[in-house]
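Analysis of the macromolecular model
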Amino acid sequence: MRFFAIDVVLVNGRTWNGPLIAQTMNLSLDPESAVRWKVLGFLFEASTEQLRAGAMSLEPGRVKESAEWLVRHDDEQPDPRDVVARLEGPDLVARLFAAAVAARWSEEDPNLLMHAAAAEDEEIRSFAQGLLEDED
């Protein structure tokens, strides 16, 4: 159910649905890798306005910090070293959000997405590999 609910939020979520979008972002903590994979797709496809509304509604913590970092990089190109450090870091949430940044910037810098495609996390690796295959 959580898996499919993410699509509903992506398609129907508006800026006034910040708490609902925040709940979707919090699914990056879900124990099921398939749900986390779907959240990664949400983070890639969501509009900046959706991401901003969700980030503003999150409780302080690692998801909020990662969400704010993601939103900031919709307006400014990320430092590749920072993205790679997060992709390789110990926090799964930070790795998921870093993979979303890599995917959102893949047209400008495909190297970050290629790095994500070699990630140890199955959900990140398969998501990035799928995007790279779509680009071919």
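What follows is about the packing of aromatic side chains. This structure, assessed with the given rule, holds four aromatic pairs. Seen from their ring centres, F3 and F4 are 5.2 Å apart, and the 80° between their planes marks the pair as edge-to-face. A relative accessible area of 57% places F4 in the exposed class. Ring geometry for W37 versus F127: centroids 6.4 Å apart, planes at 75°, classification edge-to-face. Remark: F127 occurs in helix α9 (residues 122–135) and W37 occurs in helix α3 (residues 33–45); sequence separation between them is 90 residues. Taking relative accessible area as the criterion, W37 reaches 33% and is therefore assigned partly exposed. Through a chain of ring-to-ring contacts, the aromatic side chains of F3, F4, W37, F44 and F127 assemble into a single cluster. Just above the ring of W69 sits the side chain of R86; from NZ or CZ to the centre is 4.1 Å.

Rules used in this analysis
- Residues numbered from 1 in each chain as written.
- Predicted model: local features only at pLDDT ≥ 70, side-chain atom pairs only at ≥ 80, totals over all residues.
- Heavy atoms only, no water.
- Phe/Tyr/Trp six-rings, centres within 6.5 Å; stacked < 30°, edge-to-face > 60°.
- Buried < 20%, exposed > 50% of the residue type's maximum accessible area, 1.4 Å probe, protein only.
- Helix = DSSP H or I, 4+ residues; strand = E, 2+ residues; numbered from the N terminus.
- Lys NZ or Arg CZ within 6 Å of the ring centre and 35° of its normal.

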